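Geometric and topological summary
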Amino acid sequence: MPCAVILTSYPDEYNAVRACLTDLEEDTHSLGTVYGKGKFSTDEQTWEVAIAEIAPGNTDAAMETERAIAHWEPNIVLSVGVAAGLKNIEAGDVVAGTKVYGYESGKETKSGFSTRPTVGLASYRLEQRAKATARQDDWLERIQEEQSNWTSKAVIGAIAAGEKKIASTQSETYQLLQTSYGDALAVDTSSYGVLRAVQANTDTNALIIRGISHVLGQEVTINSSEARVIAAKHASAFAFEILAQLGDAKSFGLSPAQSDKLKERIASASKGLLNWKRTLINDEEIERPEFSELLNRICTAESSTTILLGPPGSGKSALMAALGNYLISQDHAVLAIKADQLNGSIQSVEDLQRDLRLDFPPDEAVYAIASREPIVVLIDQLDAVSELLDRKSERLTLLLTLIQRLFESKNVHIIATCREFEFRFGSQFARLAGIEQMALSLPLWEKISPILETAGHEPDKMGESFRELLQTPLHLNIFLDIAQPGELFASSQNLLDRLWEERVLTVSEPGQCVAFLEDLANRMTKDEVLWVPR
């Protein structure tokens, strides 16, 4: 999920933000900063939100902002708090500061203080979102426990920030602001430090949001403490409306650091398929023309989805492993899922996410990578979890839903494999009826014959039916493993019988071996899995 850091400077500001979060807990930085961490959820998505109450002052704000960015690697930083109004603003209003002046920057001369303005800028994306949010009144509905009679509006503009608290319109600082920073709507003590720190982290977006507790030179109708509480709630309401309107992870994306971390998790989740053996027992790899065709789709199209169909033993998994490893060697992002290795107890997206050990649900993880670069999703052996073989349909349902959600998404390429019989007759696969299919053809005999010759066999003496048998990569691999030169087999069953004889019946205690295999088969049948832990 995307992450936001919200920085406050006073308890009333912190409490106003905290009230909008759920699942709250503490997280303490190694240097002592104590963050609150919670979630903010909308119908579209959930944000992870870290909040901190930091000391006022631009210097401390900059330091704590740097620390928070390094610790949380957030998508955005929001500085949410209370400020005094300067002009064109009323108590209870909210100012989204797209530009912040560090007004104390300058030079003392004989004739007085000469300003040399330094400026911090909000990120363009958040500036545009703030403008859109200010045009609507929806943010007002997020204000909690409103007790004032203030009529509030949101304004986009400049803020001035310095170390001083200004209490009078007669002060030199106030006069300086009026003279040199005439477009500033409000003044505070920390917003410039926040933006300067974020400026050094170019992949983090930032925005300053201030609720106006009072306007300098105007009488306040309620006591100052109550005014601050109300202003903080208004600023918090506007901030969370910004979050609600920013969209989900697929549109917001991740920072490079988050993206790299997610890609590492995806690579780890993909090991089951990517480590699948791609070569025959003699370490030769059969070249498949479908490899080039699939690769061309990935390299030339903005998005693609392909269902690769083939009979049992035709080499679908080996082809997927070869393609995935090649793409990774070209620095391409790949999420590879071997359906038959998924835990049989999976019943929900959360279970699937946990089984893959991802920080995000699989679709959000793919969207997040795709927001920055292309990603290929490989899903192997859908047939292994189809209702024709599996009484538990949840795994197949989740995988088909994942394919449908990602279908035609920009920068997303999907290749899923299935045995043709299950795809044609499994009722759930009707959901993929509109997706392009590709048949995996068996290798030509011209590709098989040299492999047999290298292994000491005589392919020219093999009959047509036996040649057809060995064109299936699974059968070819078994043959290379167990057959003596000149030995032929009448059928695949004969081939498997010989494998059983050599691997099981010729061991020192075949009875125990058979009993173990029967127990293993019963367990796999009961749990509806094709793999069990060692």
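Residues numbered from 1 in each chain as written. Predicted model: local features only at pLDDT ≥ 70, side-chain atom pairs only at ≥ 80, totals over all residues. Heavy atoms only, no water.

Description of the pairing of strand β5 (residues 76–85)
- Among the ten residues in β5, ten count as buried, and that is most of the element.
- By the bridge criterion, four bridges tie strand β1 (residues 3–8) to β5 in an arrangement that is parallel. Directly across from Ala-4, in β5, lies its bridge partner Ile-76.
- Relative to strand β12 (residues 205–215), β5 runs parallel, the two sharing ten bridges. If you follow Leu-78 over to β12, its bridge partner there is Leu-207.
- Bridge count between β5 and strand β11 (residues 184–188): two bridges; the pairing is antiparallel. What sits directly across from Gly-85, in β11, is Ala-186. (Buried < 20%, exposed > 50% of the residue type's maximum accessible area, 1.4 Å probe, protein only. Helix = DSSP H or I, 4+ residues; strand = E, 2+ residues; numbered from the N terminus. Pairing = 2+ DSSP bridges.)

Regarding the packing of aromatic side chains
- Taken as a whole and assessed by the stated rule, the structure comprises eight aromatic pairs.
- Arranged with centres 5.4 Å apart and planes meeting at 70 degrees, the rings of Phe-466 and Phe-479 form a pair that is edge-to-face. Here Phe-479 lies in helix α18 (residues 473–482) and Phe-466 lies in helix α17 (residues 464–470), a separation of 13 residues in the sequence. Of the two residues, Phe-466 and Phe-479, neither departs from the other in class, the shared state being buried.
- Summarising the aromatic geometry, the rings of Phe-479 and Phe-489 are spaced 6.2 Å apart at their centres and angled 85 degrees between planes, so their arrangement reads as edge-to-face. With a gap of ten residues between them, Phe-479 in helix α18 and Phe-489 in the loop between α18 and α19 (492–505) connect regions that are remote in the sequence.
- The rings of Phe-466, Phe-479 and Phe-489 are connected pair by pair, giving a single aromatic cluster.
- Above the ring of Tyr-10, the side-chain terminus of Arg-228 is found at 4.6 Å from the ring centroid.
- One Lys or Arg, Lys-338, reaches over the ring of Trp-276 and ends 4.2 Å from the middle of that ring. (Phe/Tyr/Trp six-rings, centres within 6.5 Å; stacked < 30°, edge-to-face > 60°. Lys NZ or Arg CZ within 6 Å of the ring centre and 35° of its normal.)

Thoughts on the sheet that holds strand β14 (residues 333–338)
- The parallel open sheet is built from five strands, whose spatial order is β14-β15-β16-β13-β17. What marks the edges here is a single partner per strand, and that holds for β14 and β17 (436–439). The mean inter-strand angle of the sheet, taken between neighbouring strand axes irrespective of direction, is 20 degrees.
- This element, helix α13 (residues 362–370), spans β14, β15 (375–380) and β16 (412–419) of the sheet and lies at about 150 degrees to β15. (Axes fitted to C-alpha atoms, helices over the stretch in contact; angles between N-to-C directions. Contact = heavy atoms within 4.5 Å.)

Some words on the side chain of Ser-317
- Inspection of the secondary structure puts Ser-317 in helix α11 (residues 316–329).
- The class of Ser-317 is buried, set by a relative accessible area of 10%.
- Only 2.4 Å separates the side chain of Ser-317 from the side chain of Asp-380, close enough to count as a polar contact.
- Filtering out sequence-adjacent residues up to four positions away, Ser-317 remains in contact with Leu-273, Trp-276, Lys-338, Asp-380 and Gln-381. (Polar contact = N/O pair within 3.5 Å; in protein donor to acceptor, adjacent residues only side chain to side chain.)

Digging into helix α16 (residues 445–454)
- Residues Trp-445, Ile-448, Ser-449, Ile-451 and Leu-452 constitute the buried set of α16. Around the axis of α16, the buried residues are gathered within 165 degrees of arc, so they sit on the same side. Of the residues in α16, the exposed ones pointing more than 90 degrees away from the buried face are Glu-446 and Thr-454. (Arc of directions from axis to C-beta.)

Overview of the pattern of salt bridges
- Across all of its chains, the model carries 25 salt bridges by this definition.
- We note a salt bridge from Glu-373 to Lys-263, for which the minimum N-O separation is 3.1 Å. Here Glu-373, found in the loop between α13 and β15, pairs with Lys-263, found in helix α8 (residues 256–269); they are 110 residues apart in sequence, far enough to count as distant.
- Using a relative accessible area of 27% as the deciding quantity, one classes Lys-263 as partly exposed.
- For Lys-277, the salt bridge identified is with Asp-283, shortest N-O distance 3.8 Å.
- For Lys-277, a relative accessible area of 47% gives the class partly exposed. (Salt bridge = Lys/Arg side-chain N within 4 Å of Asp/Glu carboxyl O.)

Structural notes on unusual backbone geometry
- Positive phi is not limited to glycine here, since Asp-331 has a value of about 60 degrees.
- Mapping Asp-331 onto the fold places it in the loop between α11 and β14.
- In this structure Asp-331 comes out as exposed when scored by relative accessible area, which is 66%.
- Despite not being glycine, Arg-357 has its phi angle at roughly 60 degrees, a positive value.
- With respect to the helices and strands, the residue Arg-357 is situated in the loop between α12 (349–356) and α13.
- When its relative accessible area of 62% is taken as the criterion, Arg-357 is described as exposed.

Observations regarding the packing of helix α1 (residues 11–18) against helix α6 (residues 224–245)
- At a minimum axis separation of 8 Å, α1 and α6 run at an interaxial angle of 40 degrees. Between α1 and α6, the angle falls in the class oblique. In this structure, α1 crosses over α6, and the sense of that crossing is right-handed. Along the contact surface, α1 presents Asp-12, Glu-13, Ala-16 and Val-17, while α6 presents Arg-228, Val-229, Ala-232, Lys-233, Ser-236 and Phe-240.
- Partitioned by chemical class, the residues of the contact of α1 with α6 number five nonpolar, one polar and four charged. (Parallel < 35°, antiparallel > 145°, perpendicular 65-115°, else oblique. Left-handed = near helix turned anticlockwise from the far one by under 90°. Nonpolar A, V, L, I, M, F, W, Y, C, P; charged D, E, K, R; others polar.)

Functional significance is not addressed by these values, which are geometric in nature.
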